Amino acid sequence: MAAIDTSQHAKDEKEVDGKNLAELEDPLLSLDGDEAGQFLRSVNSQSVIDQATETDYKALVRKLDKRLIPILFFTYALQCIDKSCLGYASVFTLSKDLGLKGKQYSWLSSLFYFGYLICEYPTTLLSQKFPLGRFIGLAIVAWGGVLIATAGAHNFAGMAVLRFILGGFESLITPTFILINGMYYTRKEQVLRTGAWAAANGFGSMVGGIIAFGMGHVNTGISGWKWIFVINGLITVIWGVLVFLLLPPSPMHAKFLTESERVLAVHRIRSNNTGILNRHLKWSQVREALNPFEDPQGLLLFLVIFCNEVLNGGFGAFGTLTIQSFGFNSLQSTLIYIPQGFINMICILFGGWLAHKTPNGRIYVSIGMLVPTFIGLLLQIVLPRSNVAGLLTGVYLFPPFATCLFICLSLPGVNSSGYTKRITLSSYAFLGYALGNISGPFMVKTGETPAYRSVFVADIICIALQAVFLVILRIYYVRENRRRDKLLAEGQVQNSPDDEFADKTDLQLPGFRYVIK
């Protein structure tokens, strides 16, 4: 009998509620059966973690940057080029060839974002069910095929359908890139990495303008705008195949890392981004993210990004046409528009770096980058049409507002916790992105003199509203941090080992602090 009791006691020591005692003692090994936890349990992870030095972690980050950032950068550049093909084509014979009338061009611009709006959340959820790198690669190949097919459109209806489908395929790129940021980089590192690949927005604008300018000189009996879609589509298909092969689905399956590096990659994210690798959907987190009375940051991010993208939707579709309204021809307008992309790229890189370096500066930098755009818009209203140099200067002051967008897109990744809450907040933000871009082109009044004045007035109002919403968002973060600091000072226990590896939201974690740096 005694022997039986001893045996049972030994079993109880080794296993409690189906868990190994070692797992209970080390929360790193007790990860609720998610994929990251299974990976860490399958290797000698604790030994690797214990022996790792700061030098090892820095080398790991450099290796991640070398593989991931170029892929994200060039993919984002292609996305920018491909969705802007309509704008480049607009200064050629597109409207005449398709027989566009009235607001039909504005509809073609907005239909891309209708596809984006409808497909963004479903495609983001679908991306969790398949290997992420391959899923993104296939989507890129698909939209490249759609782009090639667009050259065959011969009326408004055909072009409208293709624009909608293109928006649907492209809708998963930015949300999944935000998720990739959170899978590989800590909260502090993310804003700089987001800026690094988001700068491709300006790079893509430059390259797209150069391609469009070159296609404008092609004389084969086929309209120049058709070549714009074909050439860009072929490049996109080839790149999609490369992304399929090179972009890993997660740190646990990153073949370009050694086994020890994969362990460290998973560990550093588990320790800094609670729940980011736990890919289980929780509807309670969806409700929390969407309820402004429980957590207002989702609504505020939606409003900021909506106002931001009203600017983008208007100028993105009518940028080259705005320059053409100054008295330039089609090819001149395309060429003059190219430097605007370079300025966009520099502003995003500079804004990301400044937000990273400035203490408590993310939101202040966002507001500051709106100021040049405000001045540029004001010049379009107050200067006479004869002052072409001043008007062009105003156009070149437009790009900095895009920096605000990408800083705000990084906030769900750093200022929320819980896997499902993060992707829901990101999707909420992209709802504003899509609706803003849908609304922007319809600010244009046909036949207005001077051209596009109503767009500039609406954009100035949106600039002011963005600043107000950003200030409110910062006040919320600061007050919430102070409230939690006060509870800590009063003796509240805010952190437990289990919380560090649990899929809990920021509202469920008293030790969570919102990043305003």
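Residues numbered from 1 in each chain as written. Predicted model: local features only at pLDDT ≥ 70, side-chain atom pairs only at ≥ 80, totals over all residues. Heavy atoms only, no water.

Under the annotation held in an unreviewed UniProt entry, the chain carries the name Major facilitator superfamily (MFS) profile domain-containing protein and is attributed to Kwoniella europaea PYCC6329. The chain has a UniProt comment under Sequence similarities (unreviewed entry) that states "Belongs to the major facilitator superfamily. Allantoate permease family." (UniProt positions renumbered as here; feature names shortened; annotations may be inferred.)

**Student:** Report on the overall build of the chain, specifying residues and quantitative values.
**Tutor:** The number of helices and strands found in the chain is 25 helices and two strands. Here the chain, with 517 residues, has 56% of them falling under the buried criterion. Taking all contacts inside the chain whose residues are at least 6 apart in sequence as the whole, residues at least 24 apart take part in 82%. Summing over all exposed atoms, the chain offers an accessible surface of approximately 20900 Å²; the carbon and sulfur share of this is 65%. (Helix = DSSP H or I, 4+ residues; strand = E, 2+ residues; numbered from the N terminus. Buried < 20%, exposed > 50% of the residue type's maximum accessible area, 1.4 Å probe, protein only. Contact = heavy atoms within 4.5 Å. Areas by Shrake-Rupley, 256 points an atom, 1.4 Å probe, with all protein chains shown as cover.)

**Student:** Describe in detail the packing of aromatic side chains, supporting the description with residues and values.
**Tutor:** Counted by the stated rule, this structure contains 26 aromatic pairs. Geometrically, the ring pair formed by Tyr-116 and Tyr-433 is tilted, given 5.1 Å between the ring centres and 45 degrees between the ring planes. Placement of Tyr-116 in helix 8 (residues 104-126) and of Tyr-433 in helix 23 (residues 419-439) is noted, with a sequence separation of 317 residues between them. Judged by relative accessible area, Tyr-433 falls into the buried class, the value being 4%. Ring pairing ties together the aromatic residues Phe-112, Tyr-113, Tyr-116, Phe-430 and Tyr-433, which thus form one cluster. (Phe/Tyr/Trp six-rings, centres within 6.5 Å; stacked < 30°, edge-to-face > 60°.)

**Student:** Hey, could you go over the side chain of Ser-416 for me, with residue numbers and the actual values?
**Tutor:** Here Ser-416 lies in the loop between helix 22 (401-414) and helix 23. Exposure remark for Ser-416: the relative accessible area of 0% places this residue in the buried category. Of note is the side chain of Ser-416, whose polar atom sits 2.4 Å from the backbone oxygen of Pro-412. With residues up to four places along the chain from it excluded, the contact list for Ser-416 reads Gln-297, Leu-411, Lys-421, Arg-422, Leu-425, Asp-506 and Phe-512. (Polar contact = N/O pair within 3.5 Å; in protein donor to acceptor, adjacent residues only side chain to side chain.)

**Student:** Account for a nonpolar patch on the surface, naming residues and giving values.
**Tutor:** Together, Ile-238, Val-241, Leu-242, Leu-245 and Leu-246 make up an exposed nonpolar region whose accessible area comes to about 460 Å². Topologically, Val-241 is positioned in helix 14 (residues 224-246). (Patch = residues over 30% accessible without salt bridge, like charges linked within 9 Å, V, L, I, M, F, W, Y side chains within 5 Å. Salt bridge = Lys/Arg side-chain N within 4 Å of Asp/Glu carboxyl O.)

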